[in-house]
Amino acid sequence: MVDGAVLGLIKQWLEAPVVEAIREEGKRERKPRYKVTRISKGTPQGGVASPLLANIYLHWFDRVFHSEQGPAEWAKATLIRYADDFVQIRGRFCNTGCRKITPRLESFVSEKIEQWLGLKINRDKTRIYEVKASENGLDFLGYNFSLALATYGPKRRYWRVAPSKKSVHRETIQLRTMISNRQQYIPVTELIEQLNRHLRGWKNYYGKWHCGAAMKRINWQVENRLRKHLRRRSQRPWRIPKGSTLMAQLHKFGLVRL
């Protein structure tokens, strides 16, 4: 069955114009200017429907990749995909026997993506990455995958899966925006409720595997910025009561820690 209403909605998503703000370096404009463009191929970058449409379209790539004739069988490869981003894993990381990206595997992916599905692979973002030989590891979906040296015991290495540096940096910028001078008019309890919702969402995504160092840094950012925020709220600076601590006072306000 064909649902005309759903197909019409998808068509509107694909044909929707893209509105971009025009900013010139060195100039401050009171009223921002905007540019409206229409795309002729693909989905708008950052569009709300883009991940959904990518999952619908690339579902068939998942099926053929894991079929009896696919690389999951004859190359023992593992495919990890999120919307239109995917990684093929080889070696010990996925506990399979795929030791190298062979020309057959490369041609299979190119043929299915570009010829069978009619899509275009971004060659600038496509590369073969040897995680074991890299000090920085691999960043994917906000996580960093690296082969790290164990802290204790003999010289053993383990796969460390932690929030990437970019993810933590973006979070600190977001917290700086949420706890800024512009938020002085918001009651402290209401501001902390907003922070709690945001922090719980961040923890639900990143609070897995080796996330302790990132969580400590985020907690420090929140507590330090809230301390400065409380001192700015009145002419008489806020002080921590004697016999108490900053964390105890913030706990009374209802702040949750990661």
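The structure we're discussing is the one just above.
Overview of the structure. Since we're looking at a predicted model, the values are computed, not measured.

With that out of the way, let us pick up the environment of Ser 67. The residue Ser 67 is located in the loop between α2 (50–65) and α3 (71–74) in this model. Note: C-alpha distance between Ser 67 and Ile 128 (61 residues apart in sequence) is 23 Å. Here the side chain of Ser 67 touches Val 64 through a polar contact of 2.7 Å, landing on its backbone oxygen.

Note: α-helices contain 3.6 residues per turn, so residues at a spacing of three or four share the same orientation. Relative to the 20 Å expected for 14 residues at 1.5 Å per residue, helix α5 (residues 165–178) spans 20 Å between its end C-alpha atoms, a close match to the ideal helical length. Burial in α5 covers these residues: Ser 167, Val 168, Glu 171, Thr 172, Leu 175 and Met 178. Seen end-on, α5 carries its buried residues on one side only, within an arc spanning 135°. More than 90 degrees from the buried face of α5, the exposed residues found are Lys 165 and Lys 166. Looking at the buried residues of α5, the elements they touch are β7 (157–163), α6 (188–206) and α7 (212–232).

It is the contact of α2 with helix α4 (residues 103–116), at a shortest axis distance of 11 Å, that shows an interaxial angle of 150°. Where α2 crosses over α4, the two elements pack in a sense that is right-handed. Residue-level inspection shows Leu 58, Trp 60, Phe 61, Val 64 and Phe 65 of α2 in contact with α4, the latter providing Phe 108, Val 109, Lys 112, Ile 113 and Trp 116. Split into classes, the residues belonging to the contact of α2 with α4 amount to nine nonpolar, no polar and one charged.

Core analysis: the biggest nonpolar cluster contains 31 residues, and Leu 195, Leu 199, Trp 202, Ile 218, Val 222, Leu 226 and Leu 255 have the highest contact counts within it. Elements represented by at least two residues in this core include exactly β4 (85–89), β5 (138–140), β6 (143–149), α5, α6, α7 and α8 (246–253). With seven residues, the single largest contributor to this core is α6. Those residues in contact with Trp 202, other than ones at most four positions away along the chain, are Pro 163, Ser 167, Glu 171, Gly 207, Ala 214, Met 215, Ile 218 and Leu 258. The next biggest cluster of nonpolar side chains, apart from the first, holds 14 residues, and it includes Phe 61, Ala 72, Ile 113 and Leu 117.

What counts, and at which threshold
Residues numbered from 1 in each chain as written. Predicted model: local features only at pLDDT ≥ 70, side-chain atom pairs only at ≥ 80, totals over all residues. Heavy atoms only, no water. Helix = DSSP H or I, 4+ residues; strand = E, 2+ residues; numbered from the N terminus. Polar contact = N/O pair within 3.5 Å; in protein donor to acceptor, adjacent residues only side chain to side chain. Expected span 1.5 Å × (residues − 1). Buried < 20%, exposed > 50% of the residue type's maximum accessible area, 1.4 Å probe, protein only. Arc of directions from axis to C-beta. Contact = heavy atoms within 4.5 Å. Axes fitted to C-alpha atoms, helices over the stretch in contact; angles between N-to-C directions. Left-handed = near helix turned anticlockwise from the far one by under 90°. Nonpolar A, V, L, I, M, F, W, Y, C, P; charged D, E, K, R; others polar. Core = buried A, V, L, I, M, F, W, Y, C linked by side-chain atoms within 4.5 Å.

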